[in-house]
2 protein chains.
Amino acid sequence: MKKSLTIHDIAKMAEVSSATVSRVLSNSSYPVSPELRSKILRIAKEANYVPNMLGKQLKTKTSMTIGVIIPTITNTFYSSVILGVEEIARKNNYQVLLCNSFQDPVLEDKYIQAMFEKQVRGLVISSISSDKKQLKHFIDMGLNVVALDQKVEMEEVCQVDFDYRKGGVMATRHLISKGHKKIAYVTAPLDRPSRVSIYDGYASAMKEAGLEPVVVEAGNETYSGTYEFENGKALTRKLLAGGERPSAVFACNDMTAFGVVNELNGQGFKVPDDVSVMGFDGIDFGQMITPPLSTVLQPTYEMGRLACNMLLDMLIDGKKPDIGIMLQPKLLERESVADLRG
Amino acid sequence: MKKSLTIHDIAKMAEVSSATVSRVLSNSSYPVSPELRSKILRIAKEANYVPNMLGKQLKTKTSMTIGVIIPTITNTFYSSVILGVEEIARKNNYQVLLCNSFQDPVLEDKYIQAMFEKQVRGLVISSISSDKKQLKHFIDMGLNVVALDQKVEMEEVCQVDFDYRKGGVMATRHLISKGHKKIAYVTAPLDRPSRVSIYDGYASAMKEAGLEPVVVEAGNETYSGTYEFENGKALTRKLLAGGERPSAVFACNDMTAFGVVNELNGQGFKVPDDVSVMGFDGIDFGQMITPPLSTVLQPTYEMGRLACNMLLDMLIDGKKPDIGIMLQPKLLERESVADLRG
DNA sequence: CTGTTAGCGCGTTCAG
DNA sequence: CTGAACGCGCTAACAG
């Protein structure tokens, strides 16, 4: 490993002071004569000089890196969000430190600490920790954070929200508008605000139509990549075993809906002829199955972009968020819902 | 923003020197009396002291962060790899800096440079750059790198390989063993080593059985999330329009296979009754469609783990890779391939 | 316009 | 066992 050059080495070679080298190499607005400037540039180039950001960052107290903490990147929802975050970060010369919390509050706190220690300028987080003490603590110490997906009830954190409740309402009303009356809702454990909101939307839309809600909720949650799919299957079995067959099933997310469709097919029911299925998320894969899944679109990529932009704004102005963003759901009508009114 | 404390502040509070504080707070093996140690620990805790890694890293010349560069995280293949990398990194107290190159060589080089400047200890990369000058350059300067997925022909870089060719052979032989004779291969552009290898495997297995290869290759490549799916559909249309219908279609990856299945269904052909379909990758979605997709499994998560472990080994010993790893494909026989021998 | 100097926060000699 | 002093690579303040 060759010892790497510093500005002092370059300074010596160019027979100038290291300050001058620093000024030209870091594009300072400080005036330097054109001759020296080009000479230094040339020498630095020839010598393959590479700046050490650690030194620079230590001095300037600004690291040009932001942190992202999400449950797991293998969930397409989050990988899409991250892509959006990274795009904006890149355009502003920031880099992103990625952490998967696996919904483990302990791990989440550990990561927050580690990132703070590494002087990240800010954090984009989908927090799972119920006790946000750690986060709060670092915010007090100056950490900028914007929350995504999972609500963080704090004055100081910016929020990129999605109207889950409205999404739940829209999906349910859509089903109702197609003539469905017996509509079941199958869901992963209602232990997260977002899930509760979708459920609320479903319940209120049902009530408003004078219909009886039928809910099947999963028990324990695991982190296998196919958990939600298996969950959809299991919940459907439970649902089907439980008496009168619903004409439509609304699932808390697309992956679960795939499980519902799969189990339905397995038991000899056609979708949407025998039973209609509605998802939630709008992941690409929904259009690849047969029939294409009707669902509610969450603009994940856009959420990532917005979150990152908000964060950068906070960093630049040092201003607290004046306003939160609430992204709106959009109905994606495809072919998994039958029209019963015919 | 509260000004954060340094070891000097703690030193003052504890009425000791900053050296002593450093020694206890960084778990140095240097002897410090138990009384002082506990006193310092207590005070640091009470004062909510958080170390600044920049200072530490600048001094010790070791950053505890590694970089990962992959084409795009929204590809489930790569997100799974990253999860593996991150798991191992976490267990060794490293963090990962993530970069999506979007298969853009210019962007890739820019990222490599940025990471080197940030003093990452090493890099896990799926490189797309045909001209690896930049990478080579930094390796010469001491950067440790392990290549993944895409072969990097350099003595100094460790490689976690997957036997794509054998996978291609296995899939093709499987089809042949089920009595298929007219087997088409549909593929994204053959401009990457991995893709060429799968094709080679297919071609050689066909030849060995005295069968005629039928290949449909896509033209330009885009980066929409559904590119491969659409590609599978388009290639299938082309294939079907081109004369005699094959009894089996082998696709270069699972997503493409989904497109194949979808288009086949759309044109009224049943899978596997009319046409059999074989994928490549083994992504979770494969088991969620009807019929579940027969495919070749790539151990992505394991690839990530192995790559990271190799990298950490290189960092610890500073030793060059003595040996590369070649992961083996595994046939995942599900229900999208018909047995024609009955 | 250029150079000298003094830290940023930390770990590490080297004396005591 | 403890502390004073130096320097990692860089920028910013102040002189010249």
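Please read all numbers here as calculations on a predicted model, not as lab measurements.

**Overview of the overall build of chain A**
Part 1: Looking only at helices and strands, chain A has 12 helices and 12 strands in total.
Part 2: A compact globule built from 342 residues would reach a C-alpha radius of gyration of about 20 Å, whereas chain A, at 26 Å, exceeds it by more than 25%.
Part 3: Each principal axis of the C-alpha distribution contributes one length, and for chain A these read about 90 × 40 × 35 Å.
Part 4: Among the 342 residues that make up chain A, the fraction classed as buried is 55%.
Part 5: Intrachain contacts of chain A at a sequence separation of at least 6 include 69% that bridge at least 24 residues.
Part 6: Surface accessibility of chain A: about 14,700 Å² in total, with carbon and sulfur atoms responsible for 51%.
Part 7: Charged side chains of chain A number 40 positive and 40 negative; the gap between the two group centres comes to 7 Å.

**What to know about the pairing of strand β2 (residues 95-100) of chain B**
Part 1: Among the 6 residues that make up β2(B), 6 are buried, leaving the element largely enclosed by the rest of the structure.
Part 2: Covered by surrounding structure in β2(B) are Q95(B), L97(B) and C99(B) together with V96(B), L98(B) and N100(B), the residues of both alternating faces.
Part 3: Judged from the 3 bridges that link them, strand β2 (residues 95-100) of chain A and β2(B) form a sheet pairing that is antiparallel. The residue bridging L98(A) from the neighbouring strand is V96(B), located in β2(B).
Part 4: Across 6 bridges, strand β1 (residues 65-70) of chain B lies against β2(B) in parallel orientation. In the sheet register, I66(B) faces β2(B), and the bridge partner there is V96(B).
Part 5: The parallel pair β1(B) and β2(B), bridged by helix α5 (residues 76-91) of chain B, forms a crossover whose chirality is right-handed.

**Comments concerning the pattern of salt bridges**
All names here are of chain A.
Part 1: By the definition in use, this model includes 30 salt bridges over all chains.
Part 2: The salt bridge involving E333 is made with K178; its shortest N-O contact spans 3.1 Å. Separated by 155 residues along the polypeptide, E333 in the segment after β12 (330-332) and K178 in the loop between α8 (164-177) and β6 (183-187) bring together distant segments of the chain.
Part 3: Classification of E333 by relative accessible area gives partly exposed; the value is 48%.
Part 4: What makes K178 buried here is its relative accessible area of 16%.
Part 5: What you see here is one network of salt bridges that share partners, running through E87, K91, E302 and R305.

**Observations regarding the protein's contact with DNA strand C**
Part 1: In the neighbourhood of DNA strand C, 28 residues make up the surrounding shell, with R23(A), Y30(A), S33(A), K59(A) and Y49(B) lying closest.
Part 2: Between a base nitrogen of DNA strand C and a side-chain N or O atom of K59(B), the distance comes to 3.2 Å.
Part 3: Secondary-structure elements contributing two or more residues to the surface near DNA strand C are α2 (18-25) and α4 (53-60) of chain A together with α1 (7-14), α2 (18-25) and α4 (53-60) of chain B.
Part 4: For the surface near DNA strand C, the residue count by class is 12 nonpolar, 10 polar and 6 charged.

**A closer look at the relation of the copies chain A and chain B**
Part 1: Expressed as a screw operation, the relation of chain A to chain B combines 0.0 Å of axial shift with a rotation of 180 degrees, fitting to an RMSD of 0.1 Å. Taken together, the turn and the small shift mark the pair as related by a two-fold rotation axis. Among all residues of chain A, the one whose C-alpha sits closest to the rotation axis is L97(A), at a distance of 2.3 Å.
Part 2: Here 98% of the contact residues of chain A are again contact residues in chain B; the copies associate through an equivalent surface.

**Thoughts on the nonpolar core**
Nonpolar side chains in soluble globular proteins generally cluster together in the buried interior.
Part 1: Counting residues in each nonpolar core, the largest one holds 146 residues, and the members touching the most others are F250(A), F258(A), F285(A), F250(B), F258(B) and F285(B).
Part 2: Residues contacting F250(B), with those up to four places away along its chain left out, are G168(B), A171(B), T172(B), L175(B), A184(B), Y185(B), V186(B), I198(B), Y202(B), M278(B), G279(B) and F280(B).
Part 3: F116(A), A147(A), C99(B) and V152(B) belong to the second largest nonpolar core, which has 44 residues in total.

**Some remarks on the domain arrangement of chain A**
Part 1: Once the domains are mapped, chain A shows domain 1 (7-51), domain 2 (61-162 + 300-328) and domain 3 (164-298).
Part 2: Computed from C-alpha atoms alone, the centre-to-centre distance between domain 1 of chain A and domain 2 of chain A is 37 Å.

**Some details on the packing of aromatic side chains**
All names here are of chain A.
Part 1: The final tally for this structure, using the stated rule, is 24 aromatic pairs over all chains.
Part 2: Plain terms: the ring middles of F162 and F280 are 6.3 Å apart, the flat faces sit at 80 degrees to each other, and that makes the pair edge-to-face. Note that F162 is positioned in strand β5 (residues 158-162) and F280 in the loop between β9 (276-278) and β10 (295-297), a separation of 118 residues in sequence. The exposure classification of F162 matches that of F280, with both residues buried.
Part 3: Geometrically, the ring pair formed by F258 and F285 is edge-to-face, given 5.3 Å between the ring centres and 80 degrees between the ring planes. Of this pair, F258 sits in helix α11 (residues 254-266) while F285 sits in the loop between β9 and β10; the two residues are 27 residues apart in sequence, bridging distant segments of the chain. Here F258 matches F285 in class, with each residue buried.
Part 4: Grouped by ring-pair contacts, the aromatic residues F162, Y164, Y185, Y199, Y202, F250 and F280 constitute a single cluster.
Part 5: Over the face of the ring belonging to Y30 we find R23, whose NZ or CZ atom lies 4.4 Å from the ring centre.

**Quick look at the pairing of strand β8 (residues 248-251) of chain A**
Regular strands place side chains that alternate from one sheet face to the opposite one.
Residue and element names in this part refer to chain A.
Part 1: Every second residue of β8 is oriented toward a common face, with A248 and F250 on one face and V249 and A251 on the other, all of them buried.
Part 2: Pairing analysis gives 4 bridges linking β6 to β8, with the strands arranged parallel. When the bridges of β8 are listed, Y185 appears paired with F250.
Part 3: Relative to β9, β8 runs parallel, the two being bridged by 3 bridges. Residue pairing for β9: F250 is matched across the bridge by M278.
Part 4: Handedness of the crossover is the feature at issue here: the chain leaves β8, passes through α11, returns alongside β9, and the resulting connection is right-handed.

**A word on the side chain of D281(B)**
All names here are of chain B.
Part 1: Locating D281 in the fold gives a position in the loop between β9 (276-278) and β10 (295-297).
Part 2: Buried and unpaired, D281 has no salt bridge, with R192 as the nearest side chain of opposite charge at 9.1 Å.
Part 3: Beyond its immediate chain neighbours, meaning those up to four positions away, D281 contacts N253, D254, T295, V296, L297 and Q298.

**Let's talk about the interface of chain A and chain B**
Part 1: The partner chain B presents 60 residues to the 60 residues of chain A that form the contact.
Part 2: Together, the buried faces of chain A and chain B total about 5,500 Å²; carbon and sulfur atoms form 63% of this surface.
Part 3: In this structure, the connection of chain A to chain B is made through 0 salt bridges.
Part 4: Counting across the chain A and chain B interface gives 12 residue pairs in polar contact (both at pLDDT 80 or more).
Part 5: Listed by contribution, the elements that provide at least two residues to the side of chain A that touches chain B are α4, α5 (76-91), β2, α6 (105-117), α7 (133-140) and α11 of chain A.
Part 6: Residue composition of the side of chain A that touches chain B, by class: 29 nonpolar, 23 polar and 8 charged.

**A short note on helix α10 (residues 227-241) of chain A**
The periodicity of an α-helix, 3.6 residues per turn, causes residues three or four places apart in sequence to face the same way.
All names here are of chain A.
Part 1: When the terminal C-alpha atoms of α10 are compared, their 21 Å separation across 15 residues agrees well with the 21 Å that a helix rising 1.5 Å per residue should span.
Part 2: The inward-facing, buried residues of α10 abut β6, β7 (214-217), β8 and α11.
Part 3: Two residues or fewer after α10 comes G243, characterised by a positive phi angle close to 115 degrees.

**Things to note about the sheet that holds β9(B)**
All names here are of chain B.
Part 1: With parallel pairing, 4 strands are arranged side by side in an open sheet as β7-β6-β8-β9. Unpaired on one side and paired on the other, β7 (214-217) and β9 mark the two borders of the sheet. Taken over all neighbouring pairs, the strand axes of this sheet differ in orientation by 20 degrees on average, direction set aside.
Part 2: Packed onto the sheet, helix α9 (residues 193-208) meets β6 (183-187), β7 and β8 (248-251) and runs at close to 170 degrees relative to β6.
Part 3: Helix-sheet contacts for helix α11 (residues 254-266) involve β6, β8 and β9, and the interaxial angle to β9 is about 165 degrees.

About the cut-offs
Residues numbered from 1 in each chain as written. Chains lettered and ligands numbered in written order. Predicted model: local features only at pLDDT ≥ 70, side-chain atom pairs only at ≥ 80, totals over all residues. Heavy atoms only, no water. Helix = DSSP H or I, 4+ residues; strand = E, 2+ residues; numbered from the N terminus. Rg over C-alpha atoms; globule rule 2.2 N^0.38 Å. Buried < 20%, exposed > 50% of the residue type's maximum accessible area, 1.4 Å probe, protein only. Contact = heavy atoms within 4.5 Å. Areas by Shrake-Rupley, 256 points an atom, 1.4 Å probe, with all protein chains shown as cover. Lys, Arg positive; Asp, Glu negative; His and termini not counted. Charge placed at Lys NZ, Arg CZ, Asp CG, Glu CD. Pairing = 2+ DSSP bridges. Right-handed = clockwise from strand over helix to strand, strands pointing away. Salt bridge = Lys/Arg side-chain N within 4 Å of Asp/Glu carboxyl O. Near = heavy atom within 4 Å. Polar contact = N/O pair within 3.5 Å; in protein donor to acceptor, adjacent residues only side chain to side chain. Nonpolar A, V, L, I, M, F, W, Y, C, P; charged D, E, K, R; others polar. Least-squares fit on C-alpha atoms with pLDDT ≥ 70 in both. Core = buried A, V, L, I, M, F, W, Y, C linked by side-chain atoms within 4.5 Å. Domains from an automatic or database assignment. Phe/Tyr/Trp six-rings, centres within 6.5 Å; stacked < 30°, edge-to-face > 60°. Lys NZ or Arg CZ within 6 Å of the ring centre and 35° of its normal. Buried area = accessible area lost by both parts, 1.4 Å probe. Expected span 1.5 Å × (residues − 1). Axes fitted to C-alpha atoms, helices over the stretch in contact; angles between N-to-C directions.

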